[in-house]
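Secondary and tertiary structure notes
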Amino acid sequence: MKDFKNQIAFITGGASGAGYGQAEVFGRAGAKIVIADVRAPAVQKAVADIKGMGIAAHGIVLDVTDREAYAKAADEVEAVFGGAPTLLFNTAGVNSFGPVENTTYGDFDWLIGVNLGGVINGMVTFVPRMIKAKKAGHIVTVSSLGGLMGSALAAPYSAAKAAVVNLMESYRQSLAKFDIGVSVVCPANIKTNIAEATRIRPKSFGESGYVANDETIASLHSIHIHGMEPVELANHIKRGIEDNKLYIIPYPEAKEGLKKHFDEIVDSVPPMESDPEGAKKRTEALQNWASSRARVFNKEQGR
Ligand SMILES: NC(=O)c1ccc[n+]([C@@H]2O[C@H](COP(=O)([O-])OP(=O)(O)OC[C@H]3O[C@@H](n4cnc5c(N)ncnc54)[C@H](O)[C@@H]3O)[C@@H](O)[C@H]2O)c1
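Attention here is on the structure that accompanies the text. (Residues numbered from 1 in each chain as written. Predicted model: local features only at pLDDT ≥ 70, side-chain atom pairs only at ≥ 80, totals over all residues. Heavy atoms only, no water.)

Some points on the nonpolar core
As a reminder, the rule being used: Within this scheme, the nonpolar core is defined by two criteria: the residues are buried Ala, Val, Leu, Ile, Met, Phe, Trp, Tyr or Cys, and they are joined through side-chain atoms within 4.5 Å. Here's how the labels work: a residue is buried when its accessible area is under 20% of the maximum for its type, exposed when over 50%, partly exposed in between, all with a 1.4 Å probe on protein chains only. For the purposes of this entry, the term helix denotes a DSSP run of H or I that reaches at least four residues, the term strand denotes a run of E that reaches at least two, and both are numbered from the N terminus. The contact definition used throughout considers only heavy atoms, calling two residues in contact when any of these lie within 4.5 Å.
Of all hydrophobic cores here, the largest spans 73 residues; its most connected members are Phe10, Phe26, Ile33, Ile35, Phe89, Ile139 and Ile237. Per-element tally for this core: the top contributor is helix α4 (residues 105–133), with nine residues. Beyond its immediate chain neighbours, meaning those up to four positions away, Ile33 contacts Ala9, Ile11, Ala23, Phe26, Gly27, Ile55, Ala56, Ala57, His58 and Phe81.

Put into structure tokens, the structure is as follows:
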């Protein structure tokens, strides 16, 4: 997608940080903006500010983990802007830090519920509607650099972010035929309010195994204050959509660590000469299965 004029952009987490930057950048590029966020006063303020820039905007108070509310939000977008979103930004996210061995079920449930479950709900709600609308579209999910490597202090967050990278790779393969592009953003540090995330952890998740207080929150702010500006990140995302990139990782400082990490994975694979016959047999079996399945799927879908 190159032209954002009159596109309908649904942005989860749009009331703050990276999502708000997306609202500004894509709104200025001509898209109609839906800001969907769990914090009602923040939604109200963000929508007023975005409208103040002369951008068409609508706010929806939405907890991305609530599937029923998600379906209602999708209906609301169609009622307000006359169609399904053509741009979906799965940006809402929360994090919390502590030793993996202290992690409680509540920590896993909250962090995976929002960061992975919220993205799944966005996809299951909107993808069929986007396909049905028969319009070119693009879906962007905000993962994290943490999604590309494990982390002793952010294990559930990293696991959820890893899962969404993989999920976007799968959706991208499937949605290309509907002219819907899919990208995943893996930011390092962004200048946002994510340090405050533990303040909105619902009590229903019970005890956390991590320490979260004013001091730990202030220490996180001391990192994020040096992060990339959300508007700058959103501009990188815009270029990523225009070029239909799968991965958007505009952080040069990440390159060396990523290379080391993925080289270790690739280097753990033995060379072809170690078992050429076995490799050939296994590869052929997989290819035969895939092409026979493709014929069945295509027949089922009338293609
Ligand atoms: N800030 C960083 O350094 C950084 C780095 C890598 C990835 N990220 C990712 O960027 C995305 C945006 O975060 P941010 O840094 O802008 O933080 P932020 O806290 O400024 O914005 C996140 C927004 O998501 C909303 N949100 C949280 N839980 C929600 C829920 N259940 N339903 C709906 N909305 C919810 C919050 O209310 C908030 O407005 C997240 O997915 C985060 O994991 C951030």
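Re the site of the ligand
Basically, it comes down to this: Near, as used in this document, describes a residue that has one of its heavy atoms within 4 Å of the molecule or strand being considered. We call two N or O atoms a polar contact when they sit within 3.5 Å, provided that within protein one can donate a hydrogen and the other can accept it, with sequence-adjacent residues counted only if both atoms are side-chain atoms. Only the protein chains shown count as covering a residue, and every accessible area follows the Shrake-Rupley method with a 1.4 Å probe. When residues are sorted by character, Ala, Val, Leu, Ile, Met, Phe, Trp, Tyr, Cys and Pro go into the nonpolar class, Asp, Glu, Lys and Arg into the charged class, and all the rest, Gly among them, into the polar class.
Around the ligand lies a shell of 29 residues, among which Ser16, Asp37, Arg39, Tyr157 and Thr192 are the nearest. One of the backbone N or O atoms of Val64 is found 3.0 Å from a nitrogen atom in the ligand. Within the contact set of the ligand, an oxygen atom lies 3.5 Å away from a backbone nitrogen or oxygen of Ile194. Taking 820 Å² as the accessible area of the ligand by itself, protein coverage stands at 96%. Looking at the shell around the ligand residue by residue, the class counts come to 14 nonpolar, eleven polar and four charged.

What to know about a nonpolar patch on the surface
Using the following cut-off: Surface patches are drawn from residues lacking salt bridges whose relative accessible area is over 30%; two like charges belong together within 9 Å, two nonpolar side chains (Val, Leu, Ile, Met, Phe, Trp, Tyr) within 5 Å. For this analysis, a salt bridge means a side-chain nitrogen from Lys or Arg found within 4 Å of a carboxyl oxygen belonging to Asp or Glu.
On the surface, Phe262, Ile265 and Val266 cluster together into a nonpolar patch covering about 270 Å² of accessible area. Owing to a relative accessible area of 36%, Phe262 belongs among the partly exposed residues under this scheme.

Here's the deal with unusual backbone geometry
Residues other than glycine seldom take positive phi values, yet Asn6 does so here, at roughly 65°. In this fold, Asn6 is placed in the segment before β1 (8–12). The phi torsion at Lys134 lies on the positive side, around 55°, for a residue other than glycine. Here Lys134 lies in the loop between α4 and β5 (137–142). Given the relative accessible area of 75%, Lys134 is considered exposed.

Considering the pairing of strand β2 (residues 32–37)
In plain terms, the rule: Strands are labelled as partners when DSSP assigns at least two bridges between them. Orient the strands so they point away from the viewer, and a crossover whose first-strand-to-second-strand path over the helix runs clockwise is right-handed.
Buried residues dominate β2, accounting for five of its six residues. Note that β1 and β2 share five bridges and pair parallel. Opposite Phe10, over in β2, you have Val34 as the bridge partner. Handedness of the crossover is the feature at issue here: the chain leaves β1, passes through helix α1 (residues 17–28), returns alongside β2, and the resulting connection is right-handed. Examined bridge by bridge, β2 and strand β3 (residues 57–61) share five bridges and lie parallel to one another. Counted as the bridge partner of Ile35 is Gly59 from β3. Handedness of the crossover joining β2 and β3 through helix α2 (residues 40–52): right-handed.

Note that all results are geometric; they support no functional claim without further evidence.
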